[in-house]
Amino acid sequence: MSDVILEMKGITKEFPGVKALDNVHLCVKEGEIHALCGENGAGKSTLMKVLSGVYPHGAYTGDILYKGTVCRFKNIRQSEEAGIVIIHQELALVPQLSIAENLFLGNEQAKNGVIDWRKTKQKTVELMKMVGLHEAPDTLISEIGVGKQQLTEIAKALAKKVQLLILDEPTAALNEADSENLLQLLLQLKKQGITSIMISHKLNEITKIADSITVLRDGQTIETLHVQSEQLTENRIIKGMVGRELQNRYPHRNAKIEETVFEVHDWSVDHPFREGRKVVKNVNLSVRKGEIVGIAGLMGSGRTELAMSIFGQSYGRNMTGTLKKNGQELRLRHTGDAIKKGIVYVTEDRKGDGLILMNNIKENMTLARLEKVSRRMVLNERKETIEAETFRQKLNIKTPHIDQQTGNLSGGNQQKVMLSKWIFAEPDVLILDEPTRGIDVGAKYEIYTIMNQLALDGKAVIMISSELPELLGMCDRVYTMCEGTITAEFTKDEANQELLMKYMTMHTKKGEEGYADTGAN
């Protein structure tokens, strides 16, 4: 592990109005797992896009030395030919194609222009075995979960004879079990001599498997830490990332909880395509004014399906049950009805469903309630600018101006733009689905602060999260879900991680015969 496989020297990359990288240095030893840490917007993903040829030579300044040779990659294909493969946070798989077809897409096993399917499937089986996938090669990507899709991406990299594997937030969308499987796989690849660079905001995972950690802040290299020799703690890494000690992960809140605002009674929803399959089953829940209520569940438990079906029937079919706001029954036929009635849903997929990345910040912020900045179907651009600028300052969105393209913002700032969009709609009930997914600890704290302020302003907040410490740190009450059913409800004082996990994996409701209630202690 003494030999250096990669050196990036003096890397500087600018976008219009923004210097994303400023004289960055990175040194990676052969055969190690090297982590890149930093707040959103620190330049981590940009640096890896420079390395992999997404940003070609000439679009940046500085030198890349790979195995001692200066490299000037013009595109991804050239970096892959050198053995450098990047797996982006948004997986580059084709859902309608099989695992085998995806593994060799652009790298087909062909002779004289004709694909050798026997060879393709044989190699697919070998690669799948290496990463711990046990599906049939003909299985469609759309039929496997996100965890297995991530393993498919790694198998795809192995098919390209990867020597330096770059993973951008590989566990962001995974549950605990899938995350652990992926981490163990990276350790196995390390034993096989494959070097990995891992971008992650999950510091517990980084300290568990990384050999070295390079910290970036504001586009500059701050330090490189060695995990074993320095006995690193998460707080030590955070100090490098944010430039200060972060005493508390969750801001203090004086809850002022009042009357019940929103109720769901006996709510059931069928799968939109599979006849007879219920994804939400007789759900009952409520949220009060000034309260933050959490929903804990594993992937596939029905959390998102429940939220989207409530939000104007934007998911599923054959909804039955009752929705009430302030005691009055609601009939929400589409999302427009939900918005008018003061109920909004902040999606977990900000890039796919939450924002129009090609549009500027201002246009995204006002999109949900254009009538507030228009008259007689004519947009008042001055009023729109004033409203958007107010939200930019209020939510501390880091951008030179509100006319900047939203897709150029960091993940944390995109999340704030999406929150601004829905706060601008003046809701009474906000359903936040994974509001801090894929963002760093500093940005998370800012999102938590915004949530606390919403509750203090009298809003009713429902928070869906896969991170149990987050739910315990932020919520006044927590519901657990398993296979479309609410299995338990806990107050803040009752809940702990073990108890939540128990009822997230239990098919029977709390207190029903055959299951002992262990309590919170």
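Residues numbered from 1 in each chain as written. Predicted model: local features only at pLDDT ≥ 70, side-chain atom pairs only at ≥ 80, totals over all residues. Heavy atoms only, no water.

- As annotated in an unreviewed UniProt entry, the protein chain carries the name Sugar ABC transporter ATP-binding protein and comes from Bacillus changyiensis.

Describing empty space enclosed by the protein
Here comes step 1: Within the structure shown, the criterion is met by 3 cavities of 30 Å³ or more.
Here comes step 2: Looking at the largest cavity, its volume works out to about 80 Å³.
Here comes step 3: In terms of lining, the largest cavity is formed by Glu39, Asn40, Lys398, Ser410, Gly412, Asn413, Lys416, Asp440, Gly442, Ala443 and Glu446.
Here comes step 4: Put simply, the parts of the chain that give the lining of the largest cavity at least two residues each are helix 15 (411–424) and helix 16 (441–456).
Here comes step 5: In terms of residue class, the lining of the largest cavity is built from 1 nonpolar, 5 polar and 5 charged.
Here comes step 6: The volume enclosed by the second largest cavity comes to roughly 40 Å³. (1 Å grid on protein atoms, 1.4 Å probe; cavity = no way out; pocket = protein on both sides within 12 Å on 5 of 7 lines; lining within 4 Å. Points joined across faces, edges and corners; volume = space filled by probe spheres on them. Helix = DSSP H or I, 4+ residues; strand = E, 2+ residues; numbered from the N terminus. Nonpolar A, V, L, I, M, F, W, Y, C, P; charged D, E, K, R; others polar.)

Description of the environment of isoleucine 439
Here comes step 1: The topology assignment puts isoleucine 439 in the loop between strand 21 (429–433) and helix 16.
Here comes step 2: In the structure, isoleucine 439 is positioned 238 residues away from histidine 201 in sequence and 6.6 Å away in space, judged by C-alpha atoms.
Here comes step 3: Not counting residues up to four positions away in its chain, the partners in contact with isoleucine 439 are Asn40, His201, Arg350, Gly411, Gly412, Lys444 and Ile447. (Contact = heavy atoms within 4.5 Å.)

What about the sheet that holds strand 16 (residues 317–325)?
Here comes step 1: Strand order in the open sheet formed by 4 strands is 14-13-16-17, and the pairing between neighbours is antiparallel. Each edge of the open sheet carries a strand with a single partner, namely strand 14 (278–288) and strand 17 (328–330). Sheet twist, expressed as the mean angle between neighbouring strand axes with direction ignored, is 15°.
Here comes step 2: Across 6 bridges, the pairing between strand 13 (residues 260–270) and strand 16 is antiparallel. Across the sheet, the residue bridging to aspartate 270 is arginine 317, located in strand 16.
Here comes step 3: The strands that helix 10 (residues 303–310) touches are strand 13, strand 14 and strand 16; relative to strand 13, the one it contacts most, it runs at about 110°. (Pairing = 2+ DSSP bridges. Axes fitted to C-alpha atoms, helices over the stretch in contact; angles between N-to-C directions.)

Quick look at the packing of aromatic side chains
Here comes step 1: Scanning the model with the defined rule gives 6 aromatic pairs in all.
Here comes step 2: Their ring planes at 40° and their centres at 6.2 Å tell us that phenylalanine 311 and tyrosine 345 sit as a pair that is tilted. One end of the pair, phenylalanine 311, is in the loop between helix 10 and strand 16; the other, tyrosine 345, is in strand 18 (residues 343–346), and 34 residues separate them in sequence.
Here comes step 3: Residue classification places phenylalanine 311 among the buried positions, given a relative accessible area of 6%. (Phe/Tyr/Trp six-rings, centres within 6.5 Å; stacked < 30°, edge-to-face > 60°. Buried < 20%, exposed > 50% of the residue type's maximum accessible area, 1.4 Å probe, protein only.)

A short note on the side chain of glutamine 109
Here comes step 1: Among the structural elements, glutamine 109 can be located in the loop between helix 3 (99–103) and strand 7 (110–111).
Here comes step 2: Exposure remark for glutamine 109: the relative accessible area of 11% places this residue in the buried category.
Here comes step 3: From its side chain, glutamine 109 meets the backbone oxygen of asparagine 107 in a polar contact 3.2 Å long.
Here comes step 4: Reaching out from glutamine 109, the side chain makes a polar contact with the side chain of lysine 123 at a distance of 3.2 Å.
Here comes step 5: Residues contacting glutamine 109, with those up to four places away along its chain left out, are Phe104, Val114, Ile115, Asp116, Lys119, Thr120 and Lys123. (Polar contact = N/O pair within 3.5 Å; in protein donor to acceptor, adjacent residues only side chain to side chain.)

Some points on the layout of surface pockets
Here comes step 1: Quantified by volume, the second largest pocket comes out at close to 840 Å³.
Here comes step 2: In this structure, the second largest pocket is lined by 39 residues; those nearest its centre are Lys202, Asn204, Lys444, Glu467 and Pro469.
Here comes step 3: The set of elements that each furnish at least two residues to the lining of the second largest pocket consists of helix 6 (176–191), helix 7 (203–209), helix 16, helix 17 (468–474) and helix 18 (497–504).

Some details on the pattern of salt bridges
Any two side chains of opposite charge can pair, so long as their charged atoms come close to each other.
Here comes step 1: A complete count under the given rule lists 25 salt bridges for this structure.
Here comes step 2: For the salt bridge of arginine 249 with glutamate 234, the shortest nitrogen-to-oxygen distance reads 3.0 Å. Here arginine 249 is found in the loop between helix 9 (234–242) and strand 13, whereas its partner glutamate 234 is found in helix 9, with 15 residues between them in sequence.
Here comes step 3: We note a salt bridge from arginine 369 to glutamate 371, for which the minimum N-O separation is 2.7 Å.
Here comes step 4: Residues participating in the shared-partner salt-bridge network are Arg288, Glu291, Arg477 and Glu489. (Salt bridge = Lys/Arg side-chain N within 4 Å of Asp/Glu carboxyl O.)

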